[in-house]
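# Coordinate analysis (summary)
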Amino acid sequence: NEEYERFDREIAEMGVKIKDADSLKVRDDVFDEVTLIALYKLVHRKLISSIGGPISTGKEANVFYGERGAQGIAIKIYRIQTGNFKAMTNYLAGDRRFSSVRGTRKGIIFAWTKKEFSNLARAHEAGVPTPEPLAFDRNILLMEFLGEDEIPYPQLRNAEVEDYGAVYNEILAYVDLLYREARLVHADLSEYNILYHEKPYLIDMGQAVTLDHSQAHAFLVRDIRNLNRYFSRYCDVGDEEEIIAEIVSR
Ligand code: ADP
Ligand code: MN
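Rules and cut-offs
- Residues numbered from 1 in each chain as written.
- Chains lettered and ligands numbered in written order.
- Predicted model: local features only at pLDDT ≥ 70, side-chain atom pairs only at ≥ 80, totals over all residues.
- UniProt positions renumbered as here; feature names shortened; annotations may be inferred.
- Helix = DSSP H or I, 4+ residues; strand = E, 2+ residues; numbered from the N terminus.
- Rg over C-alpha atoms; globule rule 2.2 N^0.38 Å.
- Buried ≥ 20, exposed ≤ 12 C-beta atoms within 10 Å, placed from the backbone.
- Contact = placed C-beta atoms within 7 Å.
- Domains from an automatic or database assignment.
- Nonpolar A, V, L, I, M, F, W, Y, C, P; charged D, E, K, R; others polar.
- pLDDT = per-residue confidence, 0-100.
- Expected span 1.5 Å × (residues − 1).
- Arc of directions from axis to C-beta.

The chain appears in an unreviewed UniProt entry as non-specific serine/threonine protein kinase from Methanoculleus receptaculi. UniProt annotates the chain under Sequence similarities (unreviewed entry) with the comment "Belongs to the protein kinase superfamily. RIO-type Ser/Thr kinase family."

In structure tokens, the structure reads:
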């Protein structure tokens, strides 16, 4: 369609190619006008020099490999049309940083993108291994790529782990650091949102909330329960209530 051809030309003129994203369905769902404008901005700011293949298609977002010069980046694009934005509203409303966000699907998704950026920044500054957030514009988040040769590190559920007990303890230490230093609860912690290569990395922090969120405690309980459920297949796990009591005592 004409619109796409124009966008393609303009993007190409900026020296960026969208590779491997040519299925019409992906184009329609992901690269709508708002998203292309956000991409232009990021390209214009010299934060993206190429967009590579798709890494993941999730419920709310697509992740693409990209580059900024020689640096690999992950480009996470929250879909405006087909994203599950209703679920986002609750997480935003209770969080003092974002409680004033109201209104349109677009507005909520932009706020969500900014929220993931700032959650990653807080976590990263606190010393929790996460991708370093690099920039955001509208519904696009750029972050450090965790992987090698354009292949992301595996999710924990698919990773080869030698010492599960040690990895379990490392992740608990991250949850503790996240709580104590970043004052955040991840709120969707699972073997899907942890990448593993030599050590675990926490990812996917859009839904993470500050401790003043009315459900922060319930989310913490759920996170620990998920971890215990997963790790209990591989190693001894701690008592859920004791772990939580220890974390919140600080
Ligand atoms: P979703 O909200 O769709 O679950 P995630 O943030 O969990 O999005 O990312 C989905 C997948 O994309 C991850 O499981 C991982 O494979 C890949 N991915 C996300 N961020 C990065 C990153 N910074 N580096 C490498 N791969 C990533
Ligand atoms: Mn995820």
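### Notes on the overall build of the chain
Broken down by element type, the chain carries eight helices and eleven strands. For 250 residues, the compact-globule formula gives about 18 Å, and the C-alpha radius of gyration of the chain, at 19 Å, lands near that figure. Overall, the chain is about 60 × 40 × 30 Å in size when its C-alpha atoms are taken along their principal axes. Within the chain, the proportion of its 250 residues that are buried is 38%. Look at the contacts in the chain between residues 6 or more apart in sequence, and 63% of them connect residues 24 or more apart.

### Let's talk about the domain arrangement of the chain
For the chain, the domain assignment lists domain 1 (2-148) and domain 2 (154-248). Averaged C-alpha coordinates put domain 1 and domain 2 at centres separated by 25 Å. Contact residues are listed per partner, giving 19 residues for domain 1 and 22 residues for domain 2. Examining the composition of the side of domain 1 that touches domain 2, we find that seven residues originate from one element, helix H5 (residues 105-125), more than from any other. Of the residues in the side of domain 1 that touches domain 2, the class split is nine nonpolar, four polar and six charged.

### Quick look at unusual backbone geometry
A positive phi angle, close to 55°, is found at Arg-183, a residue other than glycine. Inspection of the secondary structure assignment puts Arg-183 in the loop between helix H6 (164-180) and strand S8 (184-185). Unusually for a residue other than glycine, Ala-187 sits at a positive phi of about 80°. Position of Ala-187 among the secondary structure elements: in the loop between S8 and strand S9 (194-197).

### Points about the confidence of the model for the chain
Per-residue pLDDT for the chain has a mean of 91; in total, 91% of the residues score no lower than 70. In the model output, the complex is listed with pTM 0.93 alongside ipTM 0.99.

### Side note on helix H3 (residues 33-44)
In a regular helix each residue adds 1.5 Å, so twelve residues correspond to 16 Å; H3 covers 16 Å between its end C-alpha atoms and thus fits that length. Along H3, the residues that are buried comprise Thr-35, Leu-39 and Leu-42. Down the axis of H3, the sector holding all buried residues measures 65°, keeping them to one side. Exposed and oriented more than 90 degrees from the buried face of H3 are Glu-33 and His-44.

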